[in-house]
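# Fold and contact review
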Amino acid sequence: MPNQPDGTEIQSVLDDIAIRMAGEADRGEVASYIPELARVPLNRFGIAVAPLHGEPIIAGDAEMPFSIQSISKVFALVVALGHVGASLWRRVGREPSGDPFNSIVQLEFERGKPRNPFINPGAIVVSDVILEHQSDEADPHPVLDLCQRLADAPDITVDEDVFASEVATGDRNRALAYFMLAEGNIRGDATKVTERYFRQCSIEMSCRQLAAATRFLATGGEGADADIAGVTPERVRRLNALMMTCGCYDASGEVAFRIGLPCKSGVGGGLVAIVPGVGSIVAWSPGLDKKGNSVLALKAIEDLAHRLGWSVF
Ligand code: GLN
């Protein structure tokens, strides 16, 4: 069982990390392939810990909304599993890909079945499943709705500028969707499916909100979140397993080695890490490494986990 420090101890470690991260010179590079993301200042850094109960403990720019990008894939998977349960795994695998998140090469060898739900093609199939089960296309986006409910923050929204930027530059994701359509693994309109996917990636949340929204992964699905369709203790264990093995794309092994916790990253610079039975950690800084993971968020969570003795191993 991981160490259970009290709130004061966590706060002082977070404050110290935020001060040290402000002085870091090597901050990576902001994602520029989605032009709107490149506008975020590189000097931002925020961190939050949501313990199982009570308010998140925060430091730095933890109240500043950022684009959650691939972190939305966790929430989307919860929604899709709620609709189709384990039959989802006929269309999406559960193995790390070892390739970049938007790679197309493996998809051809494997006949349109993506390796896992946390790379782009996997998340696009998940979007197809969600769209198929939505009675009215005009309904609010179920992934946005889930984020709002989990964070208890109805004001969470989609950043329409980031969304427009993704639609304008998303040819690679459309290529993935059309390839899977040709292989029979996309059932709806491939353009609409990718737009749904871009919309969920463009949700904006702060570290504080995201930590509150991912806390159910640390509680084993129990407590305040028990009413969320599809969230059973077994499913939560498996979501954590997928985050550990596939959550940081082709750096998932390295992240498991350095941090030792189930993690999910996004190219907006956010990183979620789950400490089972203790709480959820979110760090954010927009500068990325070559694999698309935030340089400072990784460094900060690695430091926090080591200092507080948090690891699943
Ligand atoms: N919207 C981004 C994309 O589709 C998400 C990628 C990511 O966060 N890794 O390329």
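Here, the structure is the one placed above.
Residues numbered from 1 in each chain as written. Predicted model: local features only at pLDDT ≥ 70, side-chain atom pairs only at ≥ 80, totals over all residues. Heavy atoms only, no water.

### A few points about the pattern of salt bridges
What counts is decided by this rule: Only one rule defines a salt bridge in this text: a Lys or Arg side-chain nitrogen within 4 Å of an Asp or Glu carboxyl oxygen. Working definition: helices are DSSP H or I runs of at least four residues, strands are E runs of at least two. Numbering for both runs from the N terminus. Think of it in three bands: residues with accessible area under 20% of the maximum for their type are buried, residues over 50% are exposed, and the middle band is partly exposed, with areas taken using a 1.4 Å probe on protein chains only.
Inspection of every chain in the model, using the stated rule, returns 17 salt bridges. Residue aspartate 171 is joined to arginine 174 by a salt bridge in which the shortest nitrogen-to-oxygen separation is 2.8 Å. Within this pair, aspartate 171 and its partner arginine 174 are both found in helix 7 (residues 171-182), separated by three residues, close to a single helical turn. Judged by its relative accessible area of 51%, aspartate 171 falls in the exposed class. For glutamate 234, the salt bridge goes to arginine 238, with nearest N and O atoms at 3.6 Å.

### As for the pairing of strand 9 (residues 279-284)
The criterion, for reference: Whether two strands pair comes down to DSSP finding at least two bridges between them.
Counting buried residues in strand 9 gives six out of six residues, a clear majority hidden from the surface. Residues Gly279, Ile281 and Ala283 line one face of strand 9 and the alternating positions Ser280, Val282 and Trp284 line the opposite face, and both faces are buried. For strand 2 (residues 46-51) and strand 9, the ladder comprises six bridges, and the chain directions are antiparallel. Pairing of alanine 50 across the sheet is with serine 280, part of strand 9.

### With respect to the sheet that holds strand 5 (residues 157-158)
Judged by pairing direction, the sheet is antiparallel, and its three strands sit side by side in the order 4-6-5 without closing on themselves. What marks the edges here is a single partner per strand, and that holds for strand 4 (66-67) and strand 5. Bridge count for strand 4 against strand 6 (residues 203-205) is two bridges, and the pairing is antiparallel. Its bridge partner being in strand 6, serine 67 is matched across the sheet by glutamate 204.

### Structural notes on the packing of aromatic side chains
The cut-off we apply is this: Only the six-membered ring of Trp is used, alongside the rings of Phe and Tyr, when aromatic pairs are assigned; centres must lie within 6.5 Å, and planes under 30 degrees apart are stacked while those over 60 apart are edge-to-face, with the rest tilted.
For the structure shown, the criterion picks out four aromatic pairs. Arranged with centres 6.3 Å apart and planes meeting at 40 degrees, the rings of tyrosine 33 and phenylalanine 101 form a pair that is tilted. One end of the pair, tyrosine 33, is in the loop between strand 1 (29-30) and strand 2; the other, phenylalanine 101, is in the loop between helix 2 (72-84) and helix 3 (105-109), with 68 residues separating them in the sequence. With relative accessibility at 40%, the residue tyrosine 33 sits in the partly exposed group. Phenylalanine 101 gets classed as buried once you look at its relative accessible area, which sits at 10%. Judged by centre distance (4.9 Å) and plane angle (55 degrees), the ring pair of phenylalanine 101 and tyrosine 249 falls under tilted. Of this pair, phenylalanine 101 sits in the loop between helix 2 and helix 3 while tyrosine 249 sits in the loop between helix 10 (233-246) and helix 11 (252-259); the two residues are 148 residues apart in sequence, bridging distant segments of the chain. On the basis of relative accessible area, tyrosine 249 is assigned to the buried category, the value being 3%. Three or more aromatic residues link up through ring pairs in this structure, and these residues are Tyr33, Phe101 and Tyr249.

### Some words on the pairing of strand 2
Among the six residues that make up strand 2, six are buried, leaving the element largely enclosed by the rest of the structure. Pairing between strand 2 and strand 3 (residues 57-60): four bridges, direction antiparallel. Bridge pairing links valine 49 to isoleucine 57 in strand 3. Here strand 2 folds back onto strand 3 in antiparallel fashion, the turn holding five residues, of which glycine 54 has a positive phi close to 90 degrees.

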